[in-house]
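Descriptive structure summary
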Amino acid sequence: MRAPGTGVVFAAAFLASACAPGPAPGDPNIVLILADDLGYGDLSSYGATLVRTPNIDRLATEGMQFTDAHTDASTCTPTRYGLLTGRYSWRTWLKYSALSTDAPLLIEAGRMTLASLLKAAGYNTSLVGKWHLGFGREDDFARDRQGPPNAWSSRTGGPDWNGELKPGPLEVGFDYFYGIPVANSFPPYVLVENHRVEGLREDSPIGSMESENYGAMEGGDGARWRHEDLGDQLTAKAVNQLEQLAGKREPFFLYYAPHQPHIPNEHHPRFDGTSPIGARGDSIHELDWSVGEVLTALDRLGLAEGTLVIFTSDNGASRSDEEGHRPMGPVMQGRKGDLYEGGHRVPFLARWPGRIEEGARSSEMISLNDMLATLAALTGQKLSQGAGPDSFNILPALLGEEYQSPLRPSLVVTAGGTGKRAVREGKWKLIDGQGSFGYAHWRAQEKSPGPDDPKGQLYDLENDIGERNNLFRQHPDVVSRLRDLLQSITDEGATRTL
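Residues numbered from 1 in each chain as written. Predicted model: local features only at pLDDT ≥ 70, side-chain atom pairs only at ≥ 80, totals over all residues. Heavy atoms only, no water.

**A word on the side chain of D338**
The condition is simple: Secondary structure is summarised from DSSP: a helix means a run of H or I of at least four residues, a strand means a run of E of at least two, and numbering begins at the N terminus for each. Remark: exposure states derive from per-residue accessible area (1.4 Å probe, protein chains only) relative to the maximum for the residue type, with buried under 20%, exposed over 50%, and partly exposed in between. When charges are counted, Lys and Arg are positive and Asp and Glu negative, with His and the chain ends excluded. A pairing counts as a salt bridge when a side-chain nitrogen of Lys or Arg comes within 4 Å of a carboxyl oxygen of Asp or Glu. Definition of a polar contact: a pair of N or O atoms within 3.5 Å, with one able to donate and the other able to accept a hydrogen when the atoms are protein atoms, and with sequence-neighbouring residues admitted only if both atoms are side-chain atoms. We call two residues in contact whenever any of their non-hydrogen atoms come within 4.5 Å of each other.
Inspection of the secondary structure assignment puts D338 in the loop between β8 (307-313) and α8 (341-344). No salt bridge is formed by the buried D338; its nearest oppositely charged neighbour, R335, is found at 4.9 Å. Within polar-contact distance, the side chain of D338 engages the side chain of S436 at 3.3 Å. Among all residues touching D338, those that are not within four sequence positions of it are S74, G343, H344, S436, G438 and Y439.

**Overview of helix α6 (residues 227-246)**
Put simply, the test is: A helix is expected to reach a length of 1.5 Å times the quantity of its residues less one.
Taking 1.5 Å per residue as the helical rise, α6 with its 20 residues ought to reach 28 Å, and the 30 Å between its terminal C-alpha atoms agrees with that figure. Listed as buried for α6 are H227, L230, G231, L234, T235, K237, A238, V239, Q241, L242 and L245. Structurally, α6 contributes buried residues whose contacts are with β1 (29-35), β3 (124-129), β4 (176-179), β5 (192-193), β7 (252-257) and α7 (279-300).

**Quick notes on the environment of A350**
Secondary-structure assignment places A350 in strand β9 (residues 345-351). Each C-alpha atom, one on A350 and one on D102, is 35 Å from the other, the two residues being 248 residues apart in sequence. If we skip the residues at most four places from it in the chain, A350 touches L59, G63, M64, V309, I310, I356 and L398.

**Observations regarding the pattern of salt bridges**
It is possible for side chains bearing opposite charge to pair when their charged atoms get close. One pass over the full model with this rule turns up 28 salt bridges. Between D36 and K130 there is a salt bridge, with its nearest N and O atoms 2.6 Å apart. Taken together, the residues D36 in the loop between β1 and α2 (54-62) and K130 in the loop between β3 and α5 (141-144) connect sequence positions 94 residues apart. The same class applies to D36 and to K130, which are both buried. Residue K336 pairs with D37 through a salt bridge whose shortest N-O separation is 3.1 Å. Pair noted here: K336 is in the loop between β8 and α8 and D37 is in the loop between β1 and α2, with a separation of 299 residues, a long-range link.

**Brief notes about the confidence of the model for the chain**
Which entries qualify depends on this criterion: Confidence scores here are pLDDT values: one per residue, from the predictor, ranging 0 to 100.
Taken over all residues, the pLDDT of the chain has a mean of 90, while the share at 70 or more is 91%. The low-confidence segment residues 1-25, where pLDDT is below 50, has 52 contacts with residues more than four positions distant or belonging to other chains. Confidence drops under pLDDT 50 across residues 494-498; counting only partners more than four residues distant or on other chains, this segment forms 14 contacts.

**Concerning the packing of aromatic side chains**
Note the cut-off: Each pair of aromatic rings taken from Phe, Tyr and Trp, with Trp reduced to its six-membered ring, is defined by centres within 6.5 Å and is described as stacked if the planes are under 30 degrees apart, edge-to-face if over 60, and tilted in the remaining cases. Whether a charge sits over a ring depends on NZ of Lys or CZ of Arg being within 6 Å of the ring centre and within 35 degrees of the ring normal.
This model, assessed by the stated rule, comprises 9 aromatic pairs. When the ring of F66 is compared with that of F348, the centres are 5.3 Å apart and the planes differ by 85°; the resulting orientation is edge-to-face. Taken as a pair, F66 in strand β2 (residues 64-70) and F348 in strand β9 lie far apart in primary sequence, 282 residues in all. Just as F66 is buried, F348 falls in that class too. Look at Y88 and W90: their rings are 5.3 Å apart centre to centre, the planes differ by 15°, and that puts the pair in the stacked class. Note on Y88: relative accessible area 1%, which makes it buried. With a relative accessible area of 4%, W90 lands in the buried category. An aromatic cluster is present here, built from F174, F253 and Y255 joined pairwise through their rings. Between R270 and the ring centre of W289, over which it is positioned, the NZ or CZ distance is 4.6 Å.

**What about the pairing of strand β13 (residues 421-425)?**
The cut-off we apply is this: Any two strands are treated as partners once DSSP identifies two or more bridges connecting them.
By the bridge criterion, 5 bridges tie strand β12 (residues 410-414) to β13 in an arrangement that is antiparallel. Within β13, the position partnered with V412 by the bridge is V423. The loop that links β12 with its antiparallel partner β13 comprises 6 residues; one of these, G419, has a positive phi angle of about 85°. Of the pairings in the sheet, the one linking β13 to strand β14 (residues 428-431) comprises 4 bridges and is antiparallel in character. Each bridged residue has a counterpart across the sheet, and for E425 the counterpart in β14 is W428. In this structure, the hairpin formed by β13 and β14 is closed by a connection of 2 residues, where G426 is found at a positive phi of approximately 60°.

**Quick look at the nonpolar core**
Inclusion rule: By nonpolar core is meant a set of buried Ala, Val, Leu, Ile, Met, Phe, Trp, Tyr and Cys residues that side-chain atoms within 4.5 Å join together.
Counting residues in hydrophobic clusters, the biggest one holds 109 residues, and the most contacted among them are W131, Y255 and F311. Ranked by size, the runner-up nonpolar core spans 26 residues in total, among them Y88, F437, L471 and L485.

Laid out in structure tokens, this is it:
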């Protein structure tokens, strides 16, 4: 278990033990599906009644459902970085929010990723869908960027969208990439295949663009996608990849990152009006259809029995209430960008026929960062020194094995709007300050605390998952311990190398 002040000694001990191979479970194919802005309460299997997600719910029926799964941060890019690297994003130059259109590659040269780990184990690795981790290198971007979060711009111009886009996914371990470079609400509104924009015409190069939601983009005729077609295009490519990979001798890793239900919640017209809560509900239905197509393809190709399928989301929903539907569930508060549970507690479903018990549920606290250590253990690999420093092996929980101590003794989450961090240990969660620290906080739209209010927030999540009973003053010893723990985790990273 993590203890204050252990630094590099702890890192070496953990990497040597938590990732050592256990009983060989075989090398399954792996399909990891990461939805975009899907909240904890957005699935029928997690209590939603106004949207229907039968295809995604199959994974809960045929596999395991986690109820205490979390993202690295309550925003997109940090979570995607943590998922692939097993490292908290705030250890990089991106302390909060998401990358802008012209940002360089956030993943450092030489850092192990899920793709490079599995490639070393003999896997064929593919990424279809949203990338949002940057292209190219710009050493001074962290210092030279300007503008507000998400709209940070580079003074040197950023990636060459009309030329080669590298380094990118292929340089961090993927054999193949097809997808959108940033969020579907940001330019450039194009699809990239491996190193180049697909369908780009010489007579209409991509020109200047605004790094903001719905920002203008010049040129790019022939390469632009249409919102109503994007779901079909990404789904077809994911299925096509499965068809191609099915004929290969080596196992495969497909990281499928759909864009739904991220704003603007536009979707194919066949989903119009299929939910009673409007466009976002219809977009969730399109997402569920897409996942269904992937699962059907696995069945048709005879791959389902030998494939571990994981479904989760990159953060909470961007809205808190829609026509009676609560994306974070009926009790939790918070949304995308916030430190409250609704900002970072996400659905997490895993199916592996014959290995993961059908209909199982787990209340084990896990993080998406844990995928690196877990898949290393699954494939019998050791993580190299410094790889996955914030990743814990949760394979025992997935396989229903007995274990004595929590697999992840602590957790740090970051607010997307401000970079403020919360720390969790067991049932206790500390937010050392008042407010959500999300985008509303950054915009000064939250009510300021009064002079008599507690200086921070301490919640017992075992009895108060809604975070409404602040116990900050009642348990000063817990507050002190968690403050020390957060400082220790923060200091540990400063001494770790690749």
